[in-house]
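Summary of the model geometry
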Amino acid sequence: MAADIPTSPPAGTPPAPSRILLPGRLVSLDALRGFDMLWILGADSIGVAMEGLKAGPVMAAVATQLNHEPWQGFRFYDLIFPLFVFMIGVSLVFSLTRIVAREGKDRAMQRIVMRSALLYVLGVLVYNADHSQFLWKTAADIRLLGVLQRLALCYLITGLLFVTCRTRTLVILTAVLLIGYWALLTFVPAPGQGVVSWEEGKNIVNWFDSRYLPWRKWDGTHDPEGILSTFPAVASCLLGVFAGRWMIRPEIPDTRKAIGLVVAGISLLVAGYAWGAASPIIKKLWTSPYVLVAGGWSLLLFALFFWIIDILGWSRWAQPFVWIGMNPIALYLLVHVANFDAISRTVVGGPVEGHFDTWIPGLGTVVVSVTGILLCVALARLLYVKKLFIRL
């Protein structure tokens, strides 16, 4: 789901700075994808490790931001998943625009369905209750909806909408998804509750999962990547589509594109936090204000990477992110198959890990987590150097 640039510069035009690393690609988007995936590959373990680190209020604040909000609110780590969904929307504009132009809409829709189906099946295999195997002991071990399955569904629905609908229609659909989902949570109580509640397990979205989502659910009776919350996640992906359509307009200068992303990002943040004052921002429900807040921060990060890498030409610092961003799904799958924390404990474990704890209590666990991420980066570089780019 990487972003190929559908047009090439006129003959004789020197390559833009971002094309130096990977000719013909929007490297800022690859780098942002890698930055996001880096946190997915190991930030959760670092956050957990840092909670036990006795190193003052600053480190405690950082540890807090590297862990999800338990229920209501928004932290840095709550941005990671919707940022990836947003980038799927941006990327599909580049890739599907090219496919439609070369092979037609029917071929593009076939590709969307095939890639989505493959990603969904991989998700079902990965989220086995026992991560040591790809087969299930019972049907109750099967998790039908998870992170990869949500990515697959968002790509499927958003891709088909992009190929078949005009931008105005997509804007209307996005508004309908957000307002309709907000109205459902705000005015429809879970059966048996009597009154509307936003509490975990007591709202209509969680109830719907408990009633209609079979087999294994991440939170017992319900799932944070459940059935109804998939619809606002599609809205997150559509926000990426709008950004992608803005970026492929050849008549708009790059500087103006970056400014447009910033203006849109700030607007979504203002709207999202204002809406959040009346309707909670909850990642596990993917509430409508959460969509706007996450979309706003995603736009600002995209603008920042685009400005630094594509416009200013400062790209060398982003090379490790590009390595990861070129193989995001492959690395995600490898991390679930191979326990990088266990491998890193072999590298720096035993007496060495304990030695770090003599300096600062809990530091050894942090070192193990960081080592695991560095191993992932090294693997990403190896795949990049060998030109092994695994595409779905």
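In what follows, the accompanying structure is described. Counting starts from 1 at the beginning of each chain's written sequence and moves along it residue by residue. Only residues with pLDDT of 70 or above have their local features reported here, since the model is predicted, and side-chain atom pairs are shown and tallied only from 80 upward, although totals for entire chains, interfaces and linings are computed over all residues. The basis for every side-chain value is the complete set of non-hydrogen atoms in the structure, without hydrogens or water.

Attention now goes to the overall build of the chain. Put simply, DSSP H or I for four residues or longer makes a helix, DSSP E for two residues or longer makes a strand, and each gets a number counted from the N terminus. Along the backbone of the chain there are 15 helices and 0 strands. Every one of the 392 residues in the chain was classed for burial, and the buried ones make up 50%. Summarising the internal contacts of the chain: among those between residues at least 6 apart in sequence, 71% fall at separations of at least 24. Here the chain has roughly 17,600 Å² of accessible surface; of this, 68% comes from carbon and sulfur atoms. Per-residue accessibility, obtained with a 1.4 Å probe over protein chains only, is compared with the maximum for each type, and a residue is labelled buried under 20%, exposed over 50%, and partly exposed between these values. Only heavy atoms matter for contacts: two residues are in contact if any of them lie within 4.5 Å across the pair. Only the protein chains shown count as covering a residue, and every accessible area follows the Shrake-Rupley method with a 1.4 Å probe.

The phi dihedral of W286 falls on the positive side, at around 50°, and the residue is not glycine. Here W286 shows up in the loop between helix 9 (254-276) and helix 10 (288-311). Overall, W286 belongs to the buried group, its relative accessible area being 0%. In this structure, K387 is a non-glycine residue whose phi angle is positive, near 60°. Checked against the element boundaries, K387 lands in the segment after helix 15 (363-385).

Before going further, it helps to spend a moment on the pattern of salt bridges. Note on definitions: salt bridges are taken to be side-chain nitrogens of Lys or Arg within 4 Å of carboxyl oxygens of Asp or Glu. Counted according to the given criterion, the structure contains 9 salt bridges. Taking the shortest distance from any N to any O, the salt bridge between D30 and R33 comes out at 2.7 Å. Placement of both D30 and R33 in helix 1 (residues 27-51) is noted, with a separation of 3 residues, approximately one turn of the helix. Considered together, D30 and R33 belong to a single accessibility category, that of buried residues.

Moving on, we come to the packing of helix 3 (residues 80-103) against helix 10. Between helix 3 and helix 10, the shortest axis-to-axis distance is 9 Å and the interhelical angle comes to 65°. In terms of orientation, helix 3 lies roughly perpendicular with respect to helix 10. In terms of crossing hand, the pair formed by helix 3 and helix 10 is right-handed. In this structure, helix 3 uses P82, L83, F86 and V90 to contact helix 10, whose residues at the interface are Y290, A294, S298, L299, L301 and F302. Across the contact of helix 3 with helix 10, the residue classes break down as 9 nonpolar, 1 polar and no charged. Convention adopted: a line fitted to C-alpha atoms gives each axis, helices being fitted over their contacting stretch, and angles between N-to-C directions are expressed from 0 to 180 degrees. In these notes the angle categories are as follows: under 35 degrees is roughly parallel, over 145 is roughly antiparallel, 65 to 115 is roughly perpendicular, and the rest is oblique. Take the far helix as your reference; a near helix turned counterclockwise from it by less than a right angle gives a left-handed crossing, and one turned clockwise gives a right-handed crossing. Under the scheme applied, nonpolar residues are Ala, Val, Leu, Ile, Met, Phe, Trp, Tyr, Cys and Pro; charged residues are Asp, Glu, Lys and Arg; polar residues are all the others, including Gly.

A few words on the nonpolar core. If you look at soluble globular proteins, the nonpolar side chains tend to sit buried side by side. Definition used in this section: a nonpolar core is a set of buried Ala, Val, Leu, Ile, Met, Phe, Trp, Tyr and Cys residues joined via side-chain atoms within 4.5 Å. Counting 87 residues, the largest nonpolar core has F86, L92, L96, L148, L151 and F302 as its most contacted members. Excluding its chain neighbours within four sequence positions, the residues that come into contact with F86 are S236, L239, G240, A243, S298, L299 and F302. Among the nonpolar cores identified, the runner-up in size contains 8 residues, and W71, L185, I204 and L285 belong to it.

Before going further, it helps to examine the packing of helix 3 against helix 4 (residues 105-126). With their axes 7 Å apart at the nearest point, helix 3 and helix 4 run at an angle of 135° to one another. As judged from the angle between their axes, helix 3 and helix 4 are oblique. Each of L96, I99, V100 and E103 in helix 3 lies in contact with helix 4, whose residues at this interface are K105, R107, A108, R111 and I112. Residues that form the contact of helix 3 with helix 4 fall into these classes: 5 nonpolar, no polar and 4 charged.

In plain terms, two cysteine sulfur atoms within 2.5 Å form what is called a disulfide here. Counted under the stated rule, the structure contains 0 disulfides. Unpaired in terms of disulfides, C154 finds its nearest cysteine sulfur in C237, a separation of 5.4 Å.

Right, let's talk about the side chain of D310 for a bit. Topologically, D310 is positioned in helix 10. A 3.5 Å cut-off defines polar contacts: any pair of N or O atoms within that distance qualifies, except that in protein one atom must be a possible hydrogen donor and the other a possible acceptor, and neighbouring residues in sequence count only when both atoms are side-chain atoms. There is a polar contact of 2.4 Å between the side chain of D310 and the side chain of S28.

What follows is about a nonpolar patch on the surface. Among the surface-exposed residues, W307, L312, W314 and W317 lie close enough to one another that they form a single nonpolar patch of about 430 Å² accessible area. Locating L312 in the fold gives a position in the loop between helix 10 and helix 11 (319-325). The class of L312 is partly exposed, set by a relative accessible area of 35%. The residues that make up patches have over 30% relative accessible area and no salt bridge, and they are joined within 9 Å when like-charged or within 5 Å when they are Val, Leu, Ile, Met, Phe, Trp or Tyr.

As a further point, take the environment of L92. Within the secondary structure layout, L92 lies in helix 3. Judged by its relative accessible area of 1%, L92 is buried. In this structure, the C-alpha to C-alpha distance between L92 and T158, residues 66 residues apart in sequence, is 8.7 Å. Ignoring anything within four residues of it in the chain, the contact list for L92 reads T97, Y155, T158, G159, F162, C237 and V241.

This part takes up helix 3. For an α-helix, the turn length of 3.6 residues means that residues three or four places apart are oriented alike. If you check helix 3, its first and last C-alpha atoms are 34 Å apart, about what 24 residues at 1.5 Å a residue would give, namely 34 Å. Most of helix 3 is tucked away, with 19 of its 24 residues classed as buried. One or two steps after helix 3, the chain reaches G104, where phi turns positive at roughly 95°. In a helix, the anticipated span is given by 1.5 Å times the number of residues less one.

Secondary-structure assignment places L156 in helix 5 (residues 147-164). With a relative accessible area of 24%, L156 lands in the partly exposed category. As for L156 and V234, which are separated by 78 residues in sequence, their C-alpha atoms are 9.4 Å apart. Aside from chain neighbours lying at most four places away, what touches L156 is I112, V113 and S116.

All right, on to empty space enclosed by the protein then. Rolling a probe over the atoms, with the probe sized like a water molecule, indicates the empty space that remains. Points on a 1 Å grid, built from protein atoms alone, make a cavity when a 1.4 Å probe fits but cannot get out and make a pocket when they are open with protein on both sides within 12 Å along at least 5 of 7 lines; residues with an atom within 4 Å of a point are the lining residues. Grid points are joined across faces, edges and corners, and a volume is the space filled by probe spheres set on the points. In total, this model carries 3 cavities of 30 Å³ or more according to the counting rule given. Considered as a void within the structure, the second largest cavity measures approximately 50 Å³ in volume. Forming the boundary of the second largest cavity are M37, I40, F81, F84, V147, L148, L151, I329 and Y332. Put simply, the parts of the chain that give the lining of the second largest cavity at least two residues each are helix 1, helix 3, helix 5 and helix 12 (328-337). The leading source of residues in the lining of the second largest cavity is helix 5, at 3 residues.

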